[in-house]
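Examining the three-dimensional arrangement
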Amino acid sequence: MINLVNLKRQLQSVKEEILQGIKDVIDNGDYILGPKVKELEEKIARKLGVREAIAVANGTDALILTLDAYGIGKGDEVITTPFTFFATAEAISRVGAIPVFTDVDPLTFNLNPLEIEKRITSSTKAIIPVHLFGLPSEMDELNEIAKKHGLLVIEDACQAFGATYKDRWVGSLGDAACFSFFPTKNLGTIGDGGVITTSNIKLADKIRKLRTHGSTKKYYHDRIGYNSRLDEIHAAILLVNLTKIDHWNGERRKIAGRYRQYLKEISHIKLPNELSDRTHIYHLYCIESDYRKEIIGALYKEKIQTGIYYPRCLHLQEVYSSFNYKEGDFPIAESLSERLFAIPMHPFLTESEQDKIIEIIKETGGA
Ligand SMILES: *Cc1c(COP(=O)(O)O)cnc(C)c1O
């Protein structure tokens, strides 16, 4: 079987360093918000060129704590994409605000800045662009719209650690950014984790307080918070993976380059776009085709795993039926949900595995 991701191979390559890191944690005796979490936060902030990084329990909490720290809640609206993992909208709903969806750009699959202004009302507080599959959003345009209307920009960077936009790192491009360290993310641990990055020190202080029950001094609480911390053990693992991430992202880009080289001539598929002003780190490699079912079927027969991201747009989810969106509201996102599929992509995919995948896609004709 050739899997979409192969975490076992990745972990084998860093196993000794990770075991050493875990051993350090056991020997340190400081298991919650200890030196590894602090070191990880400092290293991430330094790498991404922001003043603060706050590690939390997962990417969803990163979004929830950020929204909460900004005081976004009941009656507020937050504009986001209908073509993302559910957690983006769930976090908005979780704090009591309303996710307002708007269509994506067919070139990037990310929020289309041209569609956003129509959706802004007096209740709009923020925009959450998602750097989907590892490709940065149109940040200059989004920041300009946000500035004009007094809105916040919170990057959902859960799929894009190490991607760049106009030579700046994702995670440093808005007011705050949220990352996930779920195992299958391009920078992940062997459990759950997340981080918020920002250069707003006041915001960082508020988020630090929120992650430990609304308290800065133990047993004294001045607001209702959460229990949302990154475990010391995961910080130890992430400190190892952080030293590899640029190399791993580079390997992903090399594989994407080979896919492009050998698949670009095929007329019944459309490959992900490479844009000159940003780097795609290919958290997922998604191909568009009217023949999705046939190609997936042919790959499956040869024991090659594929995935559909995402089979149902968020505006059409049952949980949001009360918002009265209907099919046809966001034609680009809906078309992508019917036509996109992911093929294996991870830093340890061998050339012979890539060649097999390429061969089968080539052989599976269109009309
Ligand atoms: C994975 C993901 C999240 C949620 O992260 P978790 O760590 O699983 O909570 C949020 N947004 C996007 C775009 C994601 O891909």
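Conventions used here
- Residues numbered from 1 in each chain as written.
- Predicted model: local features only at pLDDT ≥ 70, side-chain atom pairs only at ≥ 80, totals over all residues.
- Heavy atoms only, no water.
- UniProt positions renumbered as here; feature names shortened; annotations may be inferred.
- Helix = DSSP H or I, 4+ residues; strand = E, 2+ residues; numbered from the N terminus.
- Buried < 20%, exposed > 50% of the residue type's maximum accessible area, 1.4 Å probe, protein only.
- Lys, Arg positive; Asp, Glu negative; His and termini not counted.
- Salt bridge = Lys/Arg side-chain N within 4 Å of Asp/Glu carboxyl O.
- Polar contact = N/O pair within 3.5 Å; in protein donor to acceptor, adjacent residues only side chain to side chain.
- Pairing = 2+ DSSP bridges.
- Right-handed = clockwise from strand over helix to strand, strands pointing away.
- Near = heavy atom within 4 Å.
- Areas by Shrake-Rupley, 256 points an atom, 1.4 Å probe, with all protein chains shown as cover.
- 1 Å grid on protein atoms, 1.4 Å probe; cavity = no way out; pocket = protein on both sides within 12 Å on 5 of 7 lines; lining within 4 Å.
- Sits in = over half its atoms within 2 Å of the grid points.
- Nonpolar A, V, L, I, M, F, W, Y, C, P; charged D, E, K, R; others polar.
- Domains from an automatic or database assignment.
- Contact = heavy atoms within 4.5 Å.
- Buried area = accessible area lost by both parts, 1.4 Å probe.
- Expected span 1.5 Å × (residues − 1).
- Arc of directions from axis to C-beta.

Looking at an unreviewed UniProt entry, the chain carries the name DegT/DnrJ/EryC1/StrS family aminotransferase, with the source organism given as Lederbergia citrea. As recorded by UniProt, the Sequence similarities (unreviewed entry) comment attached to the chain reads in full: "Belongs to the DegT/DnrJ/EryC1 family."

1. Here we look at the side chain of R292
Structurally, R292 is set in helix α9 (residues 292-301). One buried charged residue, R292, forms no salt bridge at all, with the nearest opposite charge on E338 at 7.4 Å. A polar contact of 2.9 Å, which involves the side chain of R292, links it to the backbone oxygen of S337. A polar atom in the side chain of R292 sits 2.8 Å from the backbone oxygen of L340.

2. Section: the pairing of strand β4 (residues 124-128)
In terms of burial, β4 is largely enclosed, as four of its five residues are buried. Across four bridges, the pairing between strand β2 (residues 77-80) and β4 is parallel. Paired with V78 across the two strands is A126, which belongs to β4. Once you follow β4 into helix α6 (residues 139-149) and on to strand β5 (residues 152-156), the crossover reads as right-handed.

3. So, the site of the ligand
Near the ligand lie 13 residues; those nearest to it are G59, T60, D156, S180 and K185. The separation between an oxygen atom of the ligand and a polar side-chain atom of S180 is 2.6 Å. A distance of 2.6 Å separates an oxygen atom of the ligand from a polar side-chain atom of K185. Bound to the protein, the ligand loses 93% of the 380 Å² it would expose on its own. In this structure, the ligand is accommodated by the largest pocket. Put simply, the parts of the chain that give the shell around the ligand at least two residues each are α3 (59-69) and α4 (87-94). Across the shell around the ligand, the residue classes tally to four nonpolar, seven polar and two charged.

4. Regarding the domain arrangement of the chain
Splitting the chain by domain gives domain 1 (8-102 + 110-242) and domain 2 (245-363). If you average the C-alpha positions of domain 1 and of domain 2, the two centres end up 25 Å apart. Taken together, the contacts link 42 residues of domain 1 with 35 residues of domain 2. Here domain 1 packs against domain 2, burying approximately 3,200 Å² in sum over the two surfaces, 64% of which is carbon and sulfur. Of all residues in domain 1, R9, F83 and F133 give up the largest surface area on contact with domain 2, accounting jointly for 24% of the area buried on that side. There are three salt bridges connecting domain 1 and domain 2. Between E353 and R9 there is a salt bridge; the shortest N-O distance is 2.8 Å. Linking domain 1 to domain 2 there are 20 residue pairs in polar contact (both at pLDDT 80 or more).

5. Section: helix α11 (residues 351-363)
Here α11 contains 13 residues, and its C-alpha end-to-end distance of 18 Å stays within 8% of the 18 Å for a straight helix at 1.5 Å per residue. Within α11 the residues assigned to the buried category are E353, Q354, I357, I358, I360 and I361. An end-on view of α11 places all buried positions within 165 degrees of arc, on one side of the element. The exposed residues of α11 that point more than 90 degrees off its buried face are S352 and E363. Buried residues in α11 make contact with α1 (7-28), α8 (232-263), β11 (285-288), α9 and β12 (340-343).

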